[in-house]
Structure formats: structure tokens, C-alpha cells
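Chain and residue survey
Spelled out, the chains give:
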Amino acid sequence: RDFTHKVFSDASYGGLGGWSADFSFLWRLTRKTLEEAGFEMREIVISSSDPGIDGLHINPLEYIGALINLWLTLKCVIQLGPIDGGYILGLMADNTTALAWMSTASRTKNPLLQGLARLGAALLVCAAAYLTKCCPTHIPGVQNGAADALSRPHKERSGLDNSLDSVIATWSQLQTCRICLLPFKLPQTIAAVISSPPIGDQYDSITTSLLTLEPNFLPIGVRTWEFESTIYEN
């Protein structure tokens, strides 16, 4: 069977972004917000296009973007209720490593990734109660332009207008999507799991707690938000 719904995500060292025409949402988290939430981000060297060596590599960031999309999908599905034949989700991203972790990362020996991987595994177990099937699916980067644009925050002096309003205006797929304000506790909890991995069945309680959080959706047609990140304090 074909996917009934697709969600797209992408990451850069400047932030994360995601969207879905099927669920009518889009979101963006900037580097500044991720740092405030507790993520250790790699330093961006102005004189080079390459980031520093300390902090999160792009692959974990891509995985985090996919996890946020999975969480947001679950919240939408819970709100919408069952559909005939069930939900078959295409979890779309352009990073093959991050997508592979959806099925194999829970077995990683990398201490930096173990907590993040186990959280992802717990979220996937929860997803099985609401989704008929969840399919992490690779797409070429050239087909993931809208998510890529959302992941790259606006820079005043760059000469490139990548404000939220400009991104929505540029990508027609986003014009029927609602801006989704994510609860700050969502990225904050994910960052805490990376820095201080829980033990045992604590992952189940963390996942349950995450699913008590709520996204806030702005009306279709609203194309700006007072902050660069689509986030709210909860």
C-alpha cells in the first residue's frame, strides 16, 4: 500500500525544520533555541563552510528532526482519530544514516547516541499503537527543499531572505500548512536524554510524558511568528 501520510524533515548546523501537507503543519527550530534547550552544537567557523569538531554531528541532528516529526505525527493522529485502513506513515528525510538509526540505533555502542536511540525506539513502540505502519524513507536532497529551507534560519546580513514568511511564500507546498508551535519542553527533554541517558524503563515514562505535551497550531494563512523558532514556553 502507498503512504496515507508523509512528513518531511531536515537539519543543518543552523537548525531543524519539518512539514507535512497531509497533516497541515510546518515548524522550525533555530540553533539558538537548540542551544537554549541544552544541545551541544558544533561551532560554526565564519572563515570556513565546515563546522568545528565538538558538539553534535549532522547525523544525530537529522535523527532528532525525524523524531520531532514522529512525535508531532502521533499528536495529530491522536487528535484526528482512526481512519479506514489505518495510517501508513512515510517518515521522509534525505539522510540515510539517520533513517537507518530508526531500526538499528538502539543497538549502538556509541554512548553519545545510546540515550537518543533508546528514546527513538520507545517512541516507535508507542507509534505502533496508533499507526498501521511507520516507514522511514530516504529522498534525494533536491526533493527535500522545503524542509531544508525551514532548517536554515534567516540571517540579516547574508543577503538571503530566509525568514519564515519568505520560506512559506517560496515553497507552495507550505502555503496550506499551519505554523506549529512546539512546546519548549520537547527539545529540552530530548537534549537531557542525550546528556544524561536514563536507565531501564525510564524511557517509557519519558515517552508518556512527551505525549502529554501539546503542539499549538496557528490558523492557515498566518505566515509569521514573533520568534525565529516556532516554539512556545510551557
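Use the structure listed above.
Residues numbered from 1 in each chain as written. Predicted model: local features only at pLDDT ≥ 70, side-chain atom pairs only at ≥ 80, totals over all residues. Heavy atoms only, no water.

**Looking at the state of the cysteines**
The line we're drawing: Any cysteine sulfur atom paired with another within 2.5 Å is treated as part of a disulfide.
Scanning the entire structure with this criterion turns up zero disulfides. The structure places no disulfide on Cys 135, whose sulfur is separated from the nearest cysteine sulfur, that of Cys 134, by 6.7 Å.

**A word on the pattern of salt bridges**
Put simply, the rule is: Whenever a carboxyl oxygen of Asp or Glu lies within 4 Å of a side-chain nitrogen of Lys or Arg, that contact is scored as a salt bridge. Only DSSP runs of H or I reaching four residues or more are called helices, and only runs of E reaching two or more are called strands; each is numbered from the N terminus. Remark: exposure states derive from per-residue accessible area (1.4 Å probe, protein chains only) relative to the maximum for the residue type, with buried under 20%, exposed over 50%, and partly exposed in between.
In total, this model carries four salt bridges according to the counting rule given. The closest approach of N and O atoms between Asp 165 and Arg 223, which form a salt bridge, is 3.1 Å. Taken together, the positions of Asp 165 in helix H6 (residues 164-170) and Arg 223 in the loop between strand S7 (216-217) and strand S8 (231-232) put the pair 58 residues apart, joining distant regions of the chain. Of the residues examined, Arg 223 reaches a relative accessible area of 30% and is grouped as partly exposed.

**Observations concerning the pairing of strand S6 (residues 178-183)**
To keep it simple, the criterion reads: Two strands pair under a simple rule: DSSP has to find at least two bridges between them.
Taking burial as the measure, the six residues of S6 include five buried ones, the bulk of the element. Direction of pairing for S6 relative to S8: parallel, over a ladder of two bridges. Looking at S8, one finds that Leu 182 is bridged to Ile 231.

**Let's talk about the side chain of Thr 207**
Put simply, the rule is: Here, residues are in contact when the closest pair of their heavy atoms is within 4.5 Å.
Within the element layout of this structure, Thr 207 appears in helix H8 (residues 202-210). The residues contacting Thr 207, other than those within four sequence positions of it, are Leu 119, Ala 122, Leu 123 and Cys 126.

This is a description of form; function is not addressed.
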